[in-house]
There are 2 protein chains.
Amino acid sequence: MTDMLTLKDAMAAAADKVETELDRLLAVHEAPEQQLIAAMRHGSLNGGKRFRPFLLLESAKLFSVSPSSALRAAAAIELVHCYSLIHDDLPAMDDDDLRRGLPTVHKQFDDATAILAGDALLTLAFEVLSHPDTHANARIRCDLVHALARASGGHGMVGGQMIDLRAQDQELDIHAITRLQRLKTGRLIEFSCRAGAILGNAQEKASEALRGYAQDLGLCFQIADDLLDVEGREAETGKAVGKDAGAGKATFVSIMGVERARDQARMLADQAVDHLAIFDEKADFLREVARFVVDRRS
Amino acid sequence: MTDMLTLKDAMAAAADKVETELDRLLAVHEAPEQQLIAAMRHGSLNGGKRFRPFLLLESAKLFSVSPSSALRAAAAIELVHCYSLIHDDLPAMDDDDLRRGLPTVHKQFDDATAILAGDALLTLAFEVLSHPDTHANARIRCDLVHALARASGGHGMVGGQMIDLRAQDQELDIHAITRLQRLKTGRLIEFSCRAGAILGNAQEKASEALRGYAQDLGLCFQIADDLLDVEGREAETGKAVGKDAGAGKATFVSIMGVERARDQARMLADQAVDHLAIFDEKADFLREVARFVVDRRS
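Residues numbered from 1 in each chain as written. Chains lettered and ligands numbered in written order. Predicted model: local features only at pLDDT ≥ 70, side-chain atom pairs only at ≥ 80, totals over all residues. Heavy atoms only, no water.

Under the annotation held in an unreviewed UniProt entry, chain A carries the name Farnesyl-diphosphate synthase and is attributed to Aestuariispira insulae. UniProt, in the comment section headed Sequence similarities (unreviewed entry), describes chain A in these words: "Belongs to the FPP/GGPP synthase family." The heading Cofactor (unreviewed entry) in the UniProt record of chain A holds the text "Mg(2+)". (UniProt positions renumbered as here; feature names shortened; annotations may be inferred.)

*Asks:* Looking at this structure, how should I read the overall build of chain A?
*Replies:* Across its full length, chain A holds 15 helices and 2 strands. Relative to its length of 298 residues, chain A is compact, with a C-alpha radius of gyration of 18 Å against a globular reference of 19 Å. Counting only C-alpha atoms, chain A reaches 50 × 50 × 35 Å along its principal axes. Put simply, chain A has 298 residues, and 57% of those count as buried. Considering only contacts within chain A whose residues lie at least 6 apart along the sequence, 75% involve residues at least 24 apart. If you sum the accessible surface of chain A, you get close to 11900 Å²; carbon and sulfur atoms cover 49% of it. Distance from the positive charge centre (35 side chains) to the negative charge centre (46 side chains) of chain A: 3 Å. (Helix = DSSP H or I, 4+ residues; strand = E, 2+ residues; numbered from the N terminus. Rg over C-alpha atoms; globule rule 2.2 N^0.38 Å. Buried < 20%, exposed > 50% of the residue type's maximum accessible area, 1.4 Å probe, protein only. Contact = heavy atoms within 4.5 Å. Areas by Shrake-Rupley, 256 points an atom, 1.4 Å probe, with all protein chains shown as cover. Lys, Arg positive; Asp, Glu negative; His and termini not counted. Charge placed at Lys NZ, Arg CZ, Asp CG, Glu CD.)

*Asks:* I tried to follow the interface of chain A and chain B on my own but got confused; where do I start?
*Replies:* In many analyses, interface size is given as the accessible surface area lost on bringing the parts together. Chain A puts 46 residues into the contact, and the matching count from chain B is 46 residues. Approximately 4100 Å² of surface area, both sides summed, lies buried where chain A meets chain B, with 72% of it carried by carbon and sulfur atoms. Of all residues in chain A, the largest losses of buried area upon contact with chain B belong to Glu33, Leu116 and Met162 of chain A, amounting jointly to 14% of the total for that side. Along the contact surface separating chain A from chain B lie 4 salt bridges. Between chain A and chain B we count 8 residue pairs in polar contact (both at pLDDT 80 or more) in total. Per-element tally for the side of chain A that touches chain B: the top contributor is helix α6 (residues 111–130) of chain A, with 12 residues. Of the residues assigned to the side of chain A that touches chain B, the class counts are 23 nonpolar, 14 polar and 9 charged. (Buried area = accessible area lost by both parts, 1.4 Å probe. Salt bridge = Lys/Arg side-chain N within 4 Å of Asp/Glu carboxyl O. Polar contact = N/O pair within 3.5 Å; in protein donor to acceptor, adjacent residues only side chain to side chain. Nonpolar A, V, L, I, M, F, W, Y, C, P; charged D, E, K, R; others polar.)

*Asks:* For this particular structure, what's the right way to read the relation of the copies chain A and chain B?
*Replies:* Put simply, the second copy of the chain is the first one after a rotation about an axis and a shift along it. Structural alignment of chain A on chain B gives an RMSD of 0.0 Å, achieved by rotating through 180 degrees and translating 0.0 Å along the axis. Taken together, these values place the two copies in the relation of a two-fold axis. Both copies share a contact surface, since 100% of the interface residues of chain A are interface residues in chain B too. (Least-squares fit on C-alpha atoms with pLDDT ≥ 70 in both.)

*Asks:* How should the pattern of salt bridges be read in this particular structure?
*Replies:* Close approach of charged atoms allows side chains of opposite charge to pair. Residues and elements named next belong to chain A. Tallied over the full model, the rule gives 29 salt bridges over all chains. The residue arginine 72 makes a salt bridge to aspartate 133 at a minimum N-O spacing of 4.0 Å. Of this pair, arginine 72 sits in helix α4 (residues 67–89) while aspartate 133 sits in the loop between α6 and α7 (138–152), and the two are 61 residues apart along the sequence. Residue arginine 72 is classed as buried on the basis of its relative accessible area of 9%. One continuous salt-bridge network, built from bridges that share partners, spans Glu19, Arg50 and Glu78.

*Asks:* Looking at this model, I keep getting lost on the packing of aromatic side chains. Mind explaining?
*Replies:* Given two aromatic rings, one states the distance between the centres and the angle between the planes to describe the pair. For the structure on display, the rule yields 7 aromatic pairs over all chains. Between phenylalanine 51 of chain A and phenylalanine 221 of chain A, the ring centres sit 4.8 Å apart and the planes meet at 10 degrees, which makes this aromatic pair stacked. Here the residue phenylalanine 51 of chain A occupies a position in helix α3 (residues 51–62), and phenylalanine 221 of chain A occupies one in helix α10 (residues 204–231), the gap between them amounting to 170 residues. Ring geometry for phenylalanine 126 of chain A versus phenylalanine 126 of chain B: centroids 4.5 Å apart, planes at 20 degrees, classification stacked. Taken together, the residues span two chains, with phenylalanine 126 of chain A in helix α6 and phenylalanine 126 of chain B in helix α6 (residues 111–130). An identical accessibility class is assigned to phenylalanine 126 of chain A and phenylalanine 126 of chain B; each is buried. (Phe/Tyr/Trp six-rings, centres within 6.5 Å; stacked < 30°, edge-to-face > 60°.)

*Asks:* Hey, could you run me through the environment of arginine 297 of chain A in this one?
*Replies:* Residue and element names in this part refer to chain A. Its place among the elements puts arginine 297 in the segment after α15 (284–295). Under the relative-accessibility criterion, arginine 297 is labelled partly exposed at 48%. On a C-alpha basis, the gap between arginine 297 and proline 53 in space is 20 Å, while along the polypeptide they are 244 residues apart.

*Asks:* What exactly am I supposed to notice about the packing of helix α14 (residues 258–275) of chain A against α15 of chain A here?
*Replies:* Residue and element names in this part refer to chain A. One way to put it is that α14 packs onto α15 with a least axis distance of 9 Å and a crossing angle of 175 degrees. Between α14 and α15, the interaxial angle falls into the category roughly antiparallel. Residue-level contacts link Arg262, Ala265, Arg266, Ala269, Asp270 and Val273 of α14 to Arg287, Ala290, Arg291, Val294 and Asp295 of α15. In terms of residue class, the contact of α14 with α15 is built from 5 nonpolar, no polar and 6 charged. (Axes fitted to C-alpha atoms, helices over the stretch in contact; angles between N-to-C directions. Parallel < 35°, antiparallel > 145°, perpendicular 65-115°, else oblique.)

*Asks:* Whenever I open this one, the packing of α10 of chain A against α15 of chain A confuses me. Can you help?
*Replies:* Helix packing for two helices is described by the angle between their axes and how far apart those axes are. Residues and elements named next belong to chain A. At a closest axis distance of 9 Å, the pairing of α10 and α15 adopts a crossing angle of 20 degrees. Compared by their axis directions, α10 and α15 come out roughly parallel. Note that α10 runs across α15; the crossing there is left-handed. Contact with α10, carried on its side by Leu210, Tyr213, Leu217, Cys220, Phe221 and Ala224, involves Leu286, Val289, Ala290, Val293 and Val294 of α15 and no other residues of that element. Split into classes, the residues belonging to the contact of α10 with α15 amount to 11 nonpolar, no polar and no charged. (Left-handed = near helix turned anticlockwise from the far one by under 90°.)

*Asks:* Would you mind showing me how to read α3 of chain A here?
*Replies:* Residue and element names in this part refer to chain A. With 12 residues, α3 ought to run about 16 Å at 1.5 Å a step, and its terminal C-alpha atoms sit 17 Å apart, in line with that. With 11 of 12 residues buried, α3 lies mostly within the body of the structure. Among the residues of α3, those classed as buried are Phe51, Arg52, Pro53, Phe54, Leu55, Leu56, Leu57, Glu58, Ser59, Ala60 and Leu62. (Expected span 1.5 Å × (residues − 1).)

*Asks:* What exactly am I supposed to notice about the side chain of aspartate 216 of chain B here?
*Replies:* You can see aspartate 216 of chain B is positioned in helix α10 (residues 204–231). For the buried residue aspartate 216 of chain B, which engages in no salt bridge, the nearest side chain bearing the opposite charge is arginine 182 of chain B, 5.2 Å off.

*Asks:* Honestly, the state of the cysteines in this entry has me stumped. Any pointers?
*Replies:* Cysteine pairs can be linked by a disulfide, which is a covalent bond between their two sulfur atoms. As enumerated under the stated definition, the model contains 0 disulfides over all chains in all. With no disulfide of its own, cysteine 193 of chain A lies closest to cysteine 220 of chain A among cysteine sulfurs, the gap being 13 Å. (Disulfide = S-S within 2.5 Å.)

See below:
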């Protein structure tokens, strides 16, 4: 219980730092395009859990990366995550009116502004990573840019979103859903851990261990999300629940059932932790976060 | 006249090379997300003039950049241009059904696919630039990424699109329109020329000269576009004409009138050419292209 509190404190502290960094990167100034900046801020400065940044910051600690480098990379991954949510929420996509209890960007502004705000957040992520402030070594910055582009593009997150959109028309089996989720949510989670290794010039063995951890964690995260979708209560998650089931989309839970899905998530969390065996206590928060993902209620 | 033909031949040859490179970068393979790749191809492999890639390739020649490096950067700038068109054409934005005589991406597929295809093309541009194939020197790759992100993001092209969207509600004066266009179309044109200088490790003086050229050319290009919008015929441009005027948007032409706008465009073309005085005949196509922009009919 003490450990759990400590993890929560660490996550909250990391979220605060990321929020401050995003606020700095999205500085407001009088300009005709200020509605765009306002929409970018609305879509990103909303007190999210900053789960991916937390993974990145903790992974970076394993390799004694400078906190300012890690924080910039953490902000970049969150910018990409937020852009994907803004576009995902659009009427043409998931058509969501609320996110974390607030109007989504297109509800607060309009569809066009939401499209542009997403575009600009994505672009800003690459601007942040490629800037010398992120790391003095250009090869490292470039590797980060390349890894993030691979993880989030047509053969990564966006490819997963495409499959997900078409999932209503198709009967996806467990393999197809696993691939979908590996792309849609898994690749960014993998990047979050990999970025720490890139920034820290980690050796291959350590990178591989983190990759294995991230892959299991990503899948575990998604199954837990599906469970929340079925079991969660609207008040706790702040978004409509039962949505996927309502849309007739196959999910891990709809195929495996609640019990087996929960067992599977726990097994994946254990596997994820096993990958971290080569690291000392510096990896303890990463170990804990795997348990946290299974047991989270929002 | 011979010169003009030669420029046209050079532009056509460059467009062919860029088309082939884009085709290679957007390889099709059997995958559940193949509709995304199909939409990305539809939105980019459509026989465009490849004006920005041409500027990039010609600028790169001034500094004896390797053709393969220049071609990859040229493909990247075109990917960004194409993504911006796909998003711009959406019903929430300009709501265009046709582009170059073909259905726009959201007409051929659907809005969601068009949003994702644009996202993925933008992301691919950064993937291409950051890959070692683009240049052996990571500092140069990183500078390209950073310059492109600055040029195309919220304080560049996307910022310009935001202002443009709101221009219907506001009475923009000539200064506001100039700023709008500098952002919306100017910044990518500037990047096209700057990329040649970055790839070629150009000295400050040469970079500055190219920047001056690109800024004047960009404005000239936009005024010529406004003139086409008023004077062009649908058959020649392959898209609806008179659209901006119909929407009540202020343009260079609506404020200055056709005659003064044409004079201004010619003056800007002359100024652009003047900036190139420090270069030898290697810059001849860049000189010619400035005239071409003023006199183009589509």
